[in-house]
Amino acid sequence: MKYIDPKNFRLKNHIDWKAQAENMKEIAGIVGDMVKETDWSGVAKAAHKDAKGIKKRLEHEVDLLKNMSPEEVKDLVLNGEKQLGKLYASGKMATVRREWRGVKDTGADFYEWARMWGMLLATFSKDLVPAMMGAVHYRWMVSYFCCHSFMDKNTLGLRGRALKMHHELIYAIFRYVAENLVLLMKSDEKVGNCTELSKKIVLFDEMTMSQIMAGFPDLIGIPYQLMPVFLLSEIDQLACMPYIDAVESYGLPSDTCPVPSSECGAAVIDALPHMGACFISSSMPCDGSVMASSYTNRRFKDLPTYHLAFPVRYEDESIMDAAVKDIKGCIKFIEDNTGAKWNWDAYFAAMKRFNIETKYELQKWEINQTPNPQLIGPCYELFRKWNYEMDGGLDPRIIKTFYNVDKIMKKAYEMKDEPWRGKMKYRAIVWSIPAHYYANFSNWMANCWGVDILVEMESLNFTKPLETENKDEAFKDLARLYERMVMRRHTNGGYDHVVTELWRQCEQWNVDFVLMYQHVSCKNMATVQGLFEDQARERGIKLLWVSHDLMDPRTVSRKDMRATVNEFMRTVMKAEPIDPSLEDFEDDTTW
């Protein structure tokens with residue numbers, strides 16, 4: 001059977017066309033008001049300014065070509081441009097054009113660009129009407145039109161095999177996103193209203209693992225806030241601001257973590273689709289998730305909820321019975337609300353795939369720990385978290401992605417390729433929570449300063465092969481996996497899991513420094529900041545502290561984040577930028 005079962009896309013919709021007409025009438029009124037209130041002379045001036053900017057940029061690029069030697073022109077044609085900062089323009093939502101990577105790599109990049117478009121169009125055409133209507137019901141849907149821009153920024157500067165690997169990874173992610181967007185809009189009461197599909201959907205808190213759904217092959221598990229909030233904030237840095245402002249206007253303190261704040265704000269302004277047979281919430285990775293779940297309960301009172309609450313001290317095996325009881329309770333809850341029955345054969349088959357994927361992952365770590373790391377950068381970082389938490393072996397197609405990437409990676413290692421050719425000078429790992437509104441930060445560090453970000457803290461999770469024969473042990477392994485999900489693995493169970501663990505990883509990855517993200521609203525990590533600094537000083541390990549506010553770029557902008565790195569690299573590492581054009585540029589309004 002194909003994944004996802006094609007029959008799900010062909011189930012009958014029950015669209016309320018009268019309600020759709022009313023919605024379109026309201027939108028037409030809004031558009032009319034915007035047209036009346038727009039300062040068209042200002043628009044004309046802006047267009048004239050843009051035209052002058054384009055002319056100035058073209059003249060600059062022509063001058064650069066004129067001043068190049070024949071060898072430099074040949075290098076540009078074959079290997080691509082080196083001043084990537086000129087792709088950004090102040091006040092623009094996107095880069096001014098796509099990167100020229102050289103003849104061969106630009107061709108490969110364009111092929112992947114077209115392949116992505118083909119996949120997206122084919123996926124949305126499976127049920128196009130609800131998907132199109134969803135774009136006028138939910139403004140966050142519009143941001144997904146920018147997925148190609150997101151892809152370009154995450155692959156900036158890459159060449160050769162590294163470029164191919166990153167495209168393989170991001171393609172798999174957006175295929176998952178496109179399919180789930182269609183399912184969300186098809187089953188949403190306000191849009192497709194497909195009741196038969198809705199009864200098959202089990203919604204999850206976005207921070208909850210998906211592997212439990214492997215035992216229900218006829219159901220569909222969807223991370224509820226992933227598309228409207230979580231992934232959205234990585235694609236569009238401006239998208240979560242209305243959510244945060246909405247919930248803060250109701251009295252929520254402004255120093256609350258933007259993840260639960262955004263989730264609650266999305267519920268407040270009715271930005272979450274309404275569908276599903278039931279909802280699985282969790283306490284992971286912190287108490288903010290509990291708060292967000294309470295908002296969801298209050299908004300969707302007809303949606304039965306099961307709250308997974310695993311023991312905090314997860315290393316203590318004496319509490320395993322309680323964790324297993326929670327897993328079994330969740331399975332029964334799903335059975336009671338959907339009529340489906342747990343299928344051990346389907347679960348074991350999916351976990352065997354997940355175990356194979358884990359082996360492939362460990363091979364990546366092994367190579368990245370050598371002097372010649374290969375698969376690094378934002379596409380890999382995002383893929384690892386998505387595969388571990390949201391795919392989890394359920395999609396059989398992902399094995400092929402792992403195989404293709406592994407084959408390319410081993411060849412690249414054999415040839416001693418550099419992911420960013422001629423740029424790699426420093427080794428670093430990321431610790432703590434990365435900024436969602438700057439998903440391609442490690443890409444910028446590589447292109448500007450030659451820093452290899454070898455691995456993220458959020459990638460270093462549970463790697464024990466899961467039991468696929470003994471049912472009692474399988475329950476225990478599933479509980480262990482859920483206890484060690486993304487973030488919870490380090491923020492629960494004692495400071496040893498986040499502080500002492502860092503020093504072990506520094507030795508294992510042989511780093512020059514640690515990129516320490518300082519999420520200004522995270523109370524968990526703030527409590528151990530002093531321990532990090534004292535113990536790093538004792539061990540002679542350099543810490544680069546970069547502040548951010550996760551999903552709200554108004555607190556700490558992307559430019560401010562870069563300025564912190566620039567100062568550290570010059571004053572502590574005594575380095576000079578590899579690409580000075582990337583040291584200071586404007587991107588406050590870009591996707």
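Residues numbered from 1 in each chain as written. Predicted model: local features only at pLDDT ≥ 70, side-chain atom pairs only at ≥ 80, totals over all residues. Heavy atoms only, no water.

Draft legend 1. Representation of the state of the cysteines in the model. What the rule picks out here adds up to 0 disulfides. With no disulfide of its own, Cys278 has Cys330 as its nearest cysteine by sulfur position, at a separation of 7.9 Å. Cys506 forms no disulfide, and the closest cysteine sulfur to it belongs to Cys522, at a distance of 19 Å. (Disulfide = S-S within 2.5 Å.)

Draft legend 2. Expanded view of the environment of Glu501. Among the secondary structure elements, Glu501 is positioned in helix 21 (residues 500-509). Under the relative-accessibility criterion, Glu501 is labelled buried at 7%. In this structure the C-alpha to C-alpha distance between Glu501 and Trp444, which are 57 residues apart in sequence, comes to 26 Å. Not counting residues within four places of it along the chain, the set of residues in contact with Glu501 comprises Trp431, Arg489, His490 and Asp496. A distance of 3.4 Å separates a polar atom in the side chain of Glu501 from a polar atom in the side chain of Arg489. (Helix = DSSP H or I, 4+ residues; strand = E, 2+ residues; numbered from the N terminus. Buried < 20%, exposed > 50% of the residue type's maximum accessible area, 1.4 Å probe, protein only. Contact = heavy atoms within 4.5 Å. Polar contact = N/O pair within 3.5 Å; in protein donor to acceptor, adjacent residues only side chain to side chain.)

Draft legend 3. Looking closely at the pairing of strand 3 (residues 278-282). Burial within strand 3 is extensive, with 5 of its 5 residues counted as buried. Burial along strand 3 is two-sided: Cys278, Ile280 and Ser282 facing one way and Phe279 and Ser281 facing the other are all buried. Inspection of the sheet shows strand 1 (residues 201-204) paired to strand 3 by 3 bridges, in the parallel sense. Residue pairing for strand 3: Leu203 is matched across the bridge by Phe279. With 4 bridges joining them, strand 3 and strand 4 (residues 305-308) adopt parallel strand pairing. When the sheet's bridge partners are listed, Ser281 is paired in strand 4 with His307. (Pairing = 2+ DSSP bridges.)

Limitation: the analysis is restricted to geometry and does not speak to function.
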